[in-house]
Amino acid sequence: MEIDKAINECDDRRLKTKYNNAIYVIKRALALYPVQEVALSFNGGKDSTVLLHLLRAGCFLHKAEENNSGGDAADGGKTFPIRTIYFESPSAFPEINSFTYEAASIYNIQMDIIRLDFKSGLEALLKANPIRAIFLGVRIGDPTAVGQEQFSPSSPGWPPFMRMNPILDWSYRDVWAFLLVCKVQYCSLYDQGYTSIGSIHDTVPNALLCTRNSDSNEEKFKPAYLLADGRLERAGRAKKNSSAVCGKLSSISNGLKMENLNSGSMLTASIITVGDEIFSGLAL
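What counts and how
Residues numbered from 1 in each chain as written. Predicted model: local features only at pLDDT ≥ 70, side-chain atom pairs only at ≥ 80, totals over all residues. Heavy atoms only, no water. pLDDT = per-residue confidence, 0-100. Helix = DSSP H or I, 4+ residues; strand = E, 2+ residues; numbered from the N terminus. Contact = heavy atoms within 4.5 Å. Pairing = 2+ DSSP bridges. Axes fitted to C-alpha atoms, helices over the stretch in contact; angles between N-to-C directions. Buried < 20%, exposed > 50% of the residue type's maximum accessible area, 1.4 Å probe, protein only. Polar contact = N/O pair within 3.5 Å; in protein donor to acceptor, adjacent residues only side chain to side chain. Parallel < 35°, antiparallel > 145°, perpendicular 65-115°, else oblique. Nonpolar A, V, L, I, M, F, W, Y, C, P; charged D, E, K, R; others polar. Phe/Tyr/Trp six-rings, centres within 6.5 Å; stacked < 30°, edge-to-face > 60°. Core = buried A, V, L, I, M, F, W, Y, C linked by side-chain atoms within 4.5 Å.

### As for the confidence of the model for the protein chain
Now for step 1: Taken over all residues, the pLDDT of the protein chain has a mean of 84, while the share at 70 or more is 81%.
Now for step 2: Taken element by element, the protein chain is modelled with least confidence in strand β11 (residues 268–269), mean pLDDT 34, and with most confidence in helix α6 (residues 172–182), mean pLDDT 98.
Now for step 3: Contacts for the low-pLDDT stretch residues 70–74, under 50 throughout, to residues beyond four places or in other chains number 7 contacts.
Now for step 4: The low-confidence segment residues 249–283, where pLDDT is below 50, has 80 contacts with residues more than four positions distant or belonging to other chains.

Okay, here's the thing in structure tokens:
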């Protein structure tokens, strides 16, 4: 399986540890729940893209162990066996939609497209299907990660299911190390300076990745994986009417206020609770 091979052949010990821990969680989940009773919440963002490929590898390795085949599953992991949920929103970036549908085609994903409000759509899905557990791409630092563990029951007021978080302890650096080492496709917005993608109304490129051409004064943005401090990945969560300017973002973004970064002014951070945004397509 190409994901497992890429990780095992790389020299990044930290990434190998994170990968092995995530695979352990996935195999444990598949031992607890039949594959028909689990699902993946996919939103087209970097975290869920990592989770998709971890699940591909985890399903392959789990099946190989069940078959006592020494890592030789029948189809080489080409078929993705886990039901996948995608909440399609009219405020999603077109690039997110395009990438999601392309991934579904490439990896033979059975995808349930939900266009209702998120809670109602999830309730209808769980009522019609025997889903008991859902894999989520939640990471420590996400607004929804507070109080969660690798296996956590759903929040009060939501339909009952088990939330499974294989990458809960992954950092921004770990996510990009995995995507680059495994050479998998990700949404093109990340190559345009976006580091955390919400809706078209509240997301701009991260000003910390802005560069200015000295001759033409043209602004460009470096790709997301070049962000030096992963703690500032949400610095691009700003109202759309506030454009990102090199070294300056005048609006208050989700959890971060930045003013004239070149002048060395102080950055202040706060936690803003926005609800179960993994289901609203905002945690990318």
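This is not the end of the story, as more comes after the structure.
### Focus: the sheet that holds strand β6 (residues 162–164)
Now for step 1: What the 6 strands build is an open sheet, ordered β3-β2-β1-β4-β6-β5; its pairing is mixed. On the outer flanks of this sheet lie β3 (111–114) and β5 (151–153), each paired with one strand and no other. Across the sheet, the mean angle separating the axes of adjacent strands is 30 degrees when strand polarity is ignored.
Now for step 2: Bridge count between β5 and β6: 3 bridges; the pairing is antiparallel. Its bridge partner lying in β6, S152 is registered against R163.
Now for step 3: Contacting β1 (38–41), β4 (133–135), β5 and β6, helix α2 (residues 13–32) crosses the sheet at an angle of about 50 degrees to β5.
Now for step 4: In the packing of helix α4 (residues 94–106) onto the sheet, contacts are made with β2 (83–87) and β3, and the angle to β2 comes to roughly 165 degrees.

### Side note on the side chain of Q148
Now for step 1: Its place among the elements puts Q148 in the loop between β4 and β5.
Now for step 2: In this structure Q148 comes out as buried when scored by relative accessible area, which is 9%.
Now for step 3: Within polar-contact distance, the side chain of Q148 engages the backbone oxygen of T144 at 2.8 Å.
Now for step 4: Residues within four places of Q148 in sequence aside, it is in contact with V138, R163, N165 and L168.

### Things to note about the packing of helix α1 (residues 2–9) against helix α3 (residues 46–66)
Now for step 1: Running from N to C, α1 and α3 point in directions that differ by 100 degrees, and their axes come no closer than 8 Å. As judged from the angle between their axes, α1 and α3 are roughly perpendicular. Facing E2, I3 and D4 of α1, the residues of α3 in contact are H53, R56, A57 and L61.
Now for step 2: Of the residues assigned to the contact of α1 with α3, the class counts are 3 nonpolar, 1 polar and 3 charged.

### Topic: the packing of α1 against α6
Now for step 1: For the pair α1 and α6, the least separation of the axes is 9 Å and the interaxial angle reads 110 degrees. If you check the angle between α1 and α6, you find them roughly perpendicular. For the pair formed by α1 and α6, the contact residues are I3, A6 and I7 on the first element and F178, V181 and C182 on the second.

### Concerning the pairing of β2
Now for step 1: Summarising burial for β2: 5 of the 5 residues are buried, a large majority.
Now for step 2: Here β2 shows two buried faces, one formed by R83, I85 and F87 and the other by T84 and Y86.
Now for step 3: Across 3 bridges, β1 lies against β2 in parallel orientation. Within β2, the position partnered with A39 by the bridge is R83.
Now for step 4: Across 4 bridges, β2 lies against β3 in parallel orientation. Opposite F87, over in β3, you have I114 as the bridge partner.

### Things to note about the packing of aromatic side chains
Now for step 1: Summed over all chains, the structure comprises 9 aromatic pairs.
Now for step 2: Summarising the aromatic geometry, the rings of F42 and F99 are spaced 6.4 Å apart at their centres and angled 35 degrees between planes, so their arrangement reads as tilted. Here F42 is found in the loop between β1 and α3, whereas its partner F99 is found in helix α4, with 57 residues between them in sequence.
Now for step 3: Note on W170 and F178: the rings are 5.8 Å apart at their centroids and 65 degrees apart in plane angle, and the pair reads as edge-to-face.

### Some points on unusual backbone geometry
Note: most residues except glycine have negative phi, and most peptide bonds are trans.
Now for step 1: For N108, which is not glycine, the phi dihedral falls at a positive 55 degrees.
Now for step 2: Checked against the element boundaries, N108 lands in the loop between α4 and β3.
Now for step 3: In this structure, K183 is a non-glycine residue whose phi angle is positive, near 55 degrees.
Now for step 4: Along the chain, K183 falls in the loop between α6 and β7 (210–212).

### Quick word on the pairing of β1
Now for step 1: Side-chain alternation along β1 places V38 and L40 on one buried face and A39 and S41 on a second face that is also buried.
Now for step 2: Two strands pair when backbone bridges link them, and β1 and β4 are joined in this way by 3 bridges, in the parallel orientation. By the bridge assignment, L40 is partnered in β4 with F135.

### Section: the nonpolar core
Now for step 1: Formed by 60 residues in total, the largest nonpolar core has its most connected members in Y19, L40, L54, F135, W170 and F178.
Now for step 2: Residue assignment for this core shows that the elements contributing at least two residues are α1, α2, β1, α3, α4, β4 and α6.
Now for step 3: The dominant element in this core, judged by the number of residues it contributes, is α3, at 9 residues.
Now for step 4: When residues no more than four places from it in sequence are discounted, the contact partners of L54 are Y19, A22, I23, I26, I167, W170 and F178.
Now for step 5: Counting residues in each nonpolar core, the second largest holds 14 residues, with F87, L125, L126 and A145 among its members.

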